[in-house]
Amino acid sequence: MICSPQKPSFVPVFLTSRMKALSWFWFVVSAVSAAGKGVVTKPGQRVTLGCGSRSSFRSLDWFHERNLILSVNGRSGTNRKGTAKILPRSKVRQGSDLEISGVKKEDAGKFLCTLDGDSHTITLFVVSVSTSPPDELQLGREGTLQCEVAGLPPDSIVQWTRPDGQLDSGTVHFNPVTLADKGRWVCGFSYDGDTFNEILDIKIKESEPLTSSPTQSSKVDHKTSCTNCVCSPPGCTDQPHRIGLDDWWLWVAIGVGSFFVVLLMVCIIVLCRRNRRKKRKFQRMMTERQSERPRKYCECNCPTAAAKPQQGRHKGKPSALPLKPLLMQ
C-alpha cells in the first residue's frame, strides 16, 4: 500500500476575514429585521417602545432617525443625553423601555434600540383621523373624511373601509352626505406583513330647513299686511318705513330733547353744590358767633354770713403806760 502525501487545504487569510465580516453583517441585519415591529398611536397620547425583557444590562442606547436620544450605562447608572428633538418628552422606564409623552406627528419614524450589542428596530406610526365639519356631518351637505398616517414609506397605501364593506382612498369627499355614509369607518394600512386599523364612527345630523330671506318672502306674498308701512304715490307699496336722512325733523327733535336733558342734569348738579356751599358757610358763621359772646357768671345778692365768735378767753396785750416828763432839779 502506497501512501501518497496529502496536500494541506487552506483558505487565504484575507478571504477568511472577509467571509467572517460578511456573515456578521448578515447576522446583524437578520437580527434587526426579525426584531422590527410597528407601533400605532395618536397625536397627544403616551406610547411605550419596548427593547427586550432584560432587567439588568451593561449599556443601553436609544436612537430616533439616527439621532441619539439617551445612552444609559447600566454599571454606573449614568445617563448621556443626545441631540434628538424628542429628548424632552422621552424617559427610560422599566429597565430598557422608552416612554414618549405628548406624541407629535414628527415623532413618527424608526427607533433603534441597542441593548448590550443586540439591536431592535421599532417603527412608530402616528395616525390622525378627522372629519370636516367635526363631530357630526349634516345630511345633504358637503363633508370630508381624512386618514393620515405619519411614518409610512411613500409607496404605502392607506384605505378607508365603508360601512357597507367597499374600499375608498385615504381622503373621502361627501357631496352630498347621505344616510348610507353613517356608521363605522375603518382606516387600514399594512407594514412589513402586518395590518393596522383605526376605527371612526360617523354620525349624521339632519340638516335644518332653509329659512327664506326677506326679499324672497316679499316677492312671494305681496298682500302681507305691514303695520309700519308707508304709501307713496302714484301707487301704494307695502314697504317698511325706515328712518333716513330725509326725516330731518325727527333728528332735530332728538337733538333738542337730548340738549334739554343734559342742561337739566347740569342745573341739578350746580344747585346741589350751591346748597352744600351755603350750608357750610352758615355753620361756620354760627360757630364764630358763639365764640365771640362774653361769658356770664352767676352773681349772688345774699348777705354775707357773720363772723364766727371765738371761743375761750382771749388775752390781749397790755397797753403801754404813758410816759411822764422828767423833773428838772
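Remember, it's a predicted structure, so these values are computed and weren't measured experimentally. (Residues numbered from 1 in each chain as written. Predicted model: local features only at pLDDT ≥ 70, side-chain atom pairs only at ≥ 80, totals over all residues. Heavy atoms only, no water.)

**Q** How would you sum up the side chain of aspartate 107? Please name residues and give values.
**A** Note on placement: aspartate 107 falls in the loop between strand E7 (97-100) and strand E8 (109-115). Among the polar contacts listed, one links the side chain of aspartate 107 to the side chain of arginine 89, at a separation of 2.8 Å. Beyond its immediate stretch of four places on either side in the chain, aspartate 107 contacts His64, Ile86, Arg89, Ile100, Gly102 and Leu124. (Helix = DSSP H or I, 4+ residues; strand = E, 2+ residues; numbered from the N terminus. Polar contact = N/O pair within 3.5 Å; in protein donor to acceptor, adjacent residues only side chain to side chain. Contact = heavy atoms within 4.5 Å.)

**Q** Would you mind going over the sheet that holds strand E13 (residues 167-169) in detail, with residue names and values included?
**A** If you walk across this open sheet you meet the 5 strands as E10-E16-E15-E12-E13, and the pairing is mixed. The open sheet terminates on both sides in strands that have one partner only, identified here as strand E10 (136-138) and E13. The average angle at which neighbouring strand axes cross in this sheet is 35°, direction not considered. Here strand E15 (residues 183-191) pairs with strand E16 (residues 194-205) via 9 bridges, running antiparallel. The residue bridging valine 186 from the neighbouring strand is isoleucine 199, located in E16. (Pairing = 2+ DSSP bridges. Axes fitted to C-alpha atoms, helices over the stretch in contact; angles between N-to-C directions.)

**Q** Account for the packing of aromatic side chains, with residues named and values stated.
**A** Under the counting rule described, the total for this entry stands at 7 aromatic pairs. Ring geometry for tryptophan 160 against tryptophan 185: centres 6.2 Å apart, planes inclined by 80°, an arrangement best described as edge-to-face. Of this pair, tryptophan 160 sits in strand E12 (residues 159-161) while tryptophan 185 sits in strand E15, and the two are 25 residues apart along the sequence. Residue tryptophan 160 shares its accessibility class with tryptophan 185, and that shared class is buried. Their ring planes at 25° and their centres at 5.4 Å tell us that phenylalanine 189 and phenylalanine 196 sit as a pair that is stacked. The burial state of phenylalanine 189 is the same as that of phenylalanine 196; both residues are buried. One aromatic cluster is present, built from ring pairs that chain together Phe125, Phe189, Tyr191 and Phe196. (Phe/Tyr/Trp six-rings, centres within 6.5 Å; stacked < 30°, edge-to-face > 60°. Buried < 20%, exposed > 50% of the residue type's maximum accessible area, 1.4 Å probe, protein only.)

**Q** How would you summarise the sheet that holds strand E6 (residues 90-93) if you had to cite specific residues and measurements?
**A** Sheet strands line up and pair through hydrogen bonds in the backbone, either parallel or antiparallel. With antiparallel pairing, the 3 strands of this open sheet are ordered in space as E2-E7-E6. A strand with exactly one partner marks an edge of an open sheet, and here the two such strands are strand E2 (47-49) and E6. Averaged over all neighbouring strand pairs, the angle between strand axes comes to 30°, with direction disregarded. Two strands pair when backbone bridges link them, and E2 and E7 are joined in this way by 3 bridges, in the antiparallel orientation. If you follow threonine 48 over to E7, its bridge partner there is glutamate 99.

It is worth stressing that arrangement in space is one thing and function is another; only the former is reported here.
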